[in-house]
Amino acid sequence: MAKHTFWDMLEREAREALTTVGHTQILRDGQTYLLQGERGDRVCVIMEGRMKLSMISDHGDETVLDLLGPGDIVGAMDAIDGVPRVASAVAKGMTTVITFSGEQLSKIIDSYPSTGRALLRVLNERLRASNELRGARRGSRQRVAALMYQVATRYGKATSRDGEVAINPPLTGEEFASWAGTSRGSAGRAIS
């Protein structure tokens, strides 16, 4: 059911190289790993748990951009080019990551070119998913349905019933609605 992740797409030697240069970190629920606006200097791969990516507007409103899980890479774009981060990454539940620098990631890409292709594929998939979610002429019902489909595809677990998938993203109703680009009430009505 789940998609292939960055970690899944890496060749064994590249995974070993990243594990060797990186260090393991355990994040508590709600702990901020990357902060919007800070200089991008580190990257991680989630080994266990989940991270919420979100942006805070000038008015203090949060927009959820994605929910990432095991095997997903976080912070690569900002760390490679060293620009300020456009979003924050916050642990949702206990989360274990392997952290390394953008410079170390660049060296791994140079040594194992398939790593660059895996990163490009992941970033392309994320952009496509975002575009599908925010697609033109979509009402809140369609956005909620599209998001539920994306979450089910990525994190769903098949149930014993034919064709049913259980999803339980570690997000509040407000966070889920923000990710779908709608209000909590509209998201609740669409789910019902």
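Just above, that's the structure.
Residues numbered from 1 in each chain as written. Predicted model: local features only at pLDDT ≥ 70, side-chain atom pairs only at ≥ 80, totals over all residues. Heavy atoms only, no water.

Novice: Is there a simple way to explain the overall build of the chain in this structure?
Specialist: Regarding its fold elements, the chain presents 8 helices and 8 strands. In summary, the chain has a C-alpha radius of gyration of 17 Å against a globular reference of 16 Å for 192 residues, a match within 12%. Along the first, second and third principal axes, the C-alpha atoms of the chain reach 50 × 45 × 35 Å. Across the 192 residues in the chain, those meeting the buried criterion constitute 41%. Considering only intrachain contacts with a sequence separation of at least 6, the fraction spanning at least 24 residues in the chain is 72%. For the chain, the accessible area works out to roughly 10500 Å², and carbon and sulfur atoms hold 51% of it. Of note, the chain has its 25 positive side-chain charges centred 5 Å away from the centre of its 23 negative side-chain charges. (Helix = DSSP H or I, 4+ residues; strand = E, 2+ residues; numbered from the N terminus. Rg over C-alpha atoms; globule rule 2.2 N^0.38 Å. Buried < 20%, exposed > 50% of the residue type's maximum accessible area, 1.4 Å probe, protein only. Contact = heavy atoms within 4.5 Å. Areas by Shrake-Rupley, 256 points an atom, 1.4 Å probe, with all protein chains shown as cover. Lys, Arg positive; Asp, Glu negative; His and termini not counted. Charge placed at Lys NZ, Arg CZ, Asp CG, Glu CD.)

Novice: Would you explain the layout of surface pockets in this entry?
Specialist: Taking a probe equal in size to a water molecule and rolling it over the atoms shows the remaining empty space. The computed volume of the largest pocket comes to approximately 660 Å³. Forming the walls of the largest pocket are 29 residues, and the residues nearest its centre are Leu53, Leu65, Met77, Val86 and Arg126. Taken together, the elements giving at least two residues each to the lining of the largest pocket come down to strand E3 (42-56), strand E4 (62-68), strand E5 (73-74), helix H3 (76-81), strand E6 (88-101), helix H5 (113-133) and helix H6 (140-155). Top contributing element to the lining of the largest pocket by residue count: H5, with 6 residues. Tallied by class, residues from the lining of the largest pocket come to 18 nonpolar, 5 polar and 6 charged. (1 Å grid on protein atoms, 1.4 Å probe; cavity = no way out; pocket = protein on both sides within 12 Å on 5 of 7 lines; lining within 4 Å. Points joined across faces, edges and corners; volume = space filled by probe spheres on them. Nonpolar A, V, L, I, M, F, W, Y, C, P; charged D, E, K, R; others polar.)

Novice: Teacher, can you tell me more about the environment of Met9 here?
Specialist: As for its position among the elements, Met9 is in helix H1 (residues 6-9). When the C-alpha positions of Met9 and Leu120 are compared, they lie 11 Å apart, and in sequence the two are 111 residues distant. Not counting residues within four places of it along the chain, the set of residues in contact with Met9 comprises His4, Ala118, Arg121 and Val122.

Novice: Explanation requested: the pairing of E3 in the structure shown.
Specialist: As a general feature of sheets, a regular strand has side chains that alternate between the two faces. Relative to E6, E3 runs antiparallel, the two being bridged by 11 bridges. Among the inter-strand pairings, Arg50 is bridged to a residue of E6, identified as Lys92. Inspection of the sheet shows E3 paired to E5 by 2 bridges, in the antiparallel sense. By the bridge assignment for E5, Cys44 is matched with Val74. Inspection of the sheet shows E3 paired to E4 by 6 bridges, in the antiparallel sense. The residue of E4 that forms the bridge with Leu53 is Asp66. If you look at the hairpin formed by E3 and E4, you'll find 5 residues sitting between the two strands, and Gly60 has a positive phi there, around 90 degrees. (Pairing = 2+ DSSP bridges.)

Novice: Got a minute to help me understand helix H4 (residues 102-111) in this structure?
Specialist: Since one α-helical turn is 3.6 residues long, residues separated by three or four positions face the same way. Of the positions making up H4, those classed as buried are Gly102, Leu105 and Ile108. When H4 is viewed along its axis, its buried side chains cluster within an angular range of 115 degrees and face the same direction. Of the residues in H4, the exposed ones pointing more than 90 degrees away from the buried face are Glu103, Lys107, Asp110 and Ser111. Along its buried surface, H4 packs onto helix H2 (12-21), E3, E5, H3, E6 and H5. (Arc of directions from axis to C-beta.)

Novice: Looking at this structure, I do not really get the side chain of Thr182. What am I missing?
Specialist: Position of Thr182 among the secondary structure elements: in the loop between helix H7 (173-180) and helix H8 (184-191). Contact partners of Thr182, with chain neighbours within four places excluded, come to Ser140, Arg143, Val144, Ala177 and Ala187.

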